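So the chains spell out like this:
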Amino acid sequence: RARPICAAMAAFWLSAAILACCAPGVCAWSTARPGIGGTHRRACTAMLSMPADVASSAAPDRGSAESLRRMLTVSISDEERAGGALLPENLRVAADVVTQHGVVLLKGGLDADRCDSCRASAMHALDECVARLKARGVDYRTSFAYREVVHRAPLRYDVSLQPGTGVAPLAAETGRALASGLWQPLVRRLLGRDARHNFDGAFIALPGAGPQKPHMDGGHLFHSTHGFSLHTPVHIVNVFLPLVDTPLLMGPTEFWPGSHVAHAVPDLDQMPSVALEAEKGDVLVFDYRTFHRGLANMSPTEPRPVLYQTYSRSWFRDAHNFPEESLLTRAELEQRDPSQEHRIENKTPAAVSGEVPERAGPEPSREDGATYHPQRGFAG
């Protein structure tokens with residue numbers, strides 16, 4: 001009789017082990033990784049394809065907002081700052097985080113002096129644009145869109161800092177410094193050695209700017225024929241460089257980790273989100289398809305400027321950021337050096353603009369007065 005009892009016990013423990021492995025939340029595994037400020041927790045992307053009722057019960061097991069933040073953070077060492085490049089292990093981990101979760105936070109990737117000069121450039125560019133709007137009789141608090149600045153949502157402005165298009169573009173020396181930033185090897189690892197630099201700009205949320213609606217900065221490839229059944233590798237990324245500390249009071253960017261995966265989009269409301277509070281000099285690199293939004297800037301006096309850079313694969317470009325109508329006079333436009341305006345595009349073969357997919361779900365609410373664009377969403 002001992003033999004059947006032993007067999008029954010073995011079967012019981014085998015079943016328990018199988019159930020434990022399949023239980024919601026157990027598909028997340030942990031492993032110690034250097035440079036991530038502790039344990040790097042990587043969630044199995046299989047959870048994203050679960051039915052909504054299962055995913056909703058599994059989502060909390062991914063941890064609190066703090067554990068999500070740790071999961072998405074890679075700390076940059078003094079050695080890496082001194083050498084001006086991520087070490088191979090940190091580079092691999094950062095790329096892995098973007099691939100799996102759609103966003104990574106690099107701690108301390110830009111020095112404070114460079115942040116201050118970029119902040120001055122961004123605010124000067126906005127001031128110049130506001131002055132030109134005033135000369136045209138346009139109230140900066142109303143809806144408008146020009147080649148140099150777009151009012152994305154109430155008190156949220158997208159200002160071009162691109163040489164050849166911006167009213168007050170970044171200085172050439174600043175552009176060169178950003179082109180050799182610590183995040184550049186990560187961009188090339190994600191998009192290839194021939195990655196295209198699309199443009200530079202700044203998002204500025206003035207005091208009192210409300211929260212945005214969750215949005216993607218760009219849609220999924222082949223959406224018109226495949227819907228959300230086909231997930232492709234990343235083809236375009238944004239690099240956010242917060243130019244001031246962004247605690248919750250200042251309205252940091254909130255992300256939905258894993259929402260860049262095509263089949264996860266319909267279940268966005270079942271996914272956990274995290275507000276990635278950042279310090280001046282941190283760097284956020286994220287897949288264009290990752291859902292995010294700028295939170296309310298509740299500071300009574302301080303704007304929240306974020307410099308951004310957009311990079312894509314060589315065959316893709318985002319051609320839907322700014323309209324053709326310019327704030328500049330005809331004489332000023334004629335004085336512009338045309339080689340500067342397209343200096344980046346000319347380094348690679350002719351670009352192929354990606355199709356603009358239909359948005360999943362209902363049209364976003366316009367109760368905040370924002371203008372929705374199918375490619376940019378409510379940017380910022």
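What counts as what
- Residues numbered from 1 in each chain as written.
- Predicted model: local features only at pLDDT ≥ 70, side-chain atom pairs only at ≥ 80, totals over all residues.
- Heavy atoms only, no water.
- pLDDT = per-residue confidence, 0-100.
- Contact = heavy atoms within 4.5 Å.
- Salt bridge = Lys/Arg side-chain N within 4 Å of Asp/Glu carboxyl O.
- Helix = DSSP H or I, 4+ residues; strand = E, 2+ residues; numbered from the N terminus.
- Buried < 20%, exposed > 50% of the residue type's maximum accessible area, 1.4 Å probe, protein only.
- Core = buried A, V, L, I, M, F, W, Y, C linked by side-chain atoms within 4.5 Å.
- Pairing = 2+ DSSP bridges.

### Let's talk about the confidence of the model for the chain
And then number 1: This prediction gives the chain a mean pLDDT of 78; 72% of its residues lie at or above 70.
And then number 2: The low-confidence segment residues 12-62 (pLDDT under 50) makes 80 contacts with residues lying over four places distant or belonging to another chain.
And then number 3: Long-range and interchain partners of residues 339-380, a stretch whose pLDDT sits below 50, account for 108 contacts in this model, where long-range means more than four residues apart.

### Let's talk about the pattern of salt bridges
And then number 1: Using the criterion set out here, one finds 14 salt bridges in the structure.
And then number 2: Close ionic contact of Glu279 with Lys107 constitutes a salt bridge, the shortest N to O distance being 3.5 Å. Here Glu279 is found in the loop between β10 (274-276) and β11 (283-287), whereas its partner Lys107 is found in strand β4 (residues 103-107), with 172 residues between them in sequence.
And then number 3: With a relative accessible area of 48%, Glu279 lands in the partly exposed category.
And then number 4: Taking the relative accessible area as the measure of exposure, Lys107 reaches 22% and is therefore partly exposed.
And then number 5: The salt bridge partner of Arg289 is Asp287, with a shortest N-O separation of 2.8 Å. Of the two residues, Arg289 and Asp287, neither departs from the other in class, the shared state being buried.

### Topic: the nonpolar core
And then number 1: Counting 71 residues, the largest nonpolar core has Val104, Leu106, Trp183, Leu186 and Leu190 as its most contacted members.
And then number 2: The element contributing the most residues to this core is helix α6 (residues 112-135), with 8 residues.
And then number 3: The residues contacting Leu190, other than those within four sequence positions of it, are Ala95, Val98, Thr99, Val234, Val237, Val285 and Arg313.
And then number 4: Listed in part, the 10 residues of the second largest apolar core include Phe228, Ala262, Leu268 and Met271.

### As for the pairing of strand β6 (residues 156-160)
And then number 1: Where burial is concerned, most of β6 is hidden: 5 out of the 5 residues are buried.
And then number 2: On β6, burial covers both faces: Arg156, Asp158 and Ser160 on one face and Tyr157 and Val159 on the other are all buried.
And then number 3: Across 4 bridges, the pairing between strand β5 (residues 149-153) and β6 is antiparallel. In the strand pairing of β6, His151 is matched with Tyr157.
And then number 4: Counted along the chain from β5 to the antiparallel partner β6, the turn is 2 residues long, and its residue Leu155 has a positive phi close to 65 degrees.
And then number 5: Sheet topology note: the β6/strand β7 (residues 196-205) ladder contains 5 bridges and is antiparallel. Considered in β7, the bridge of Val159 is made with Ala202.

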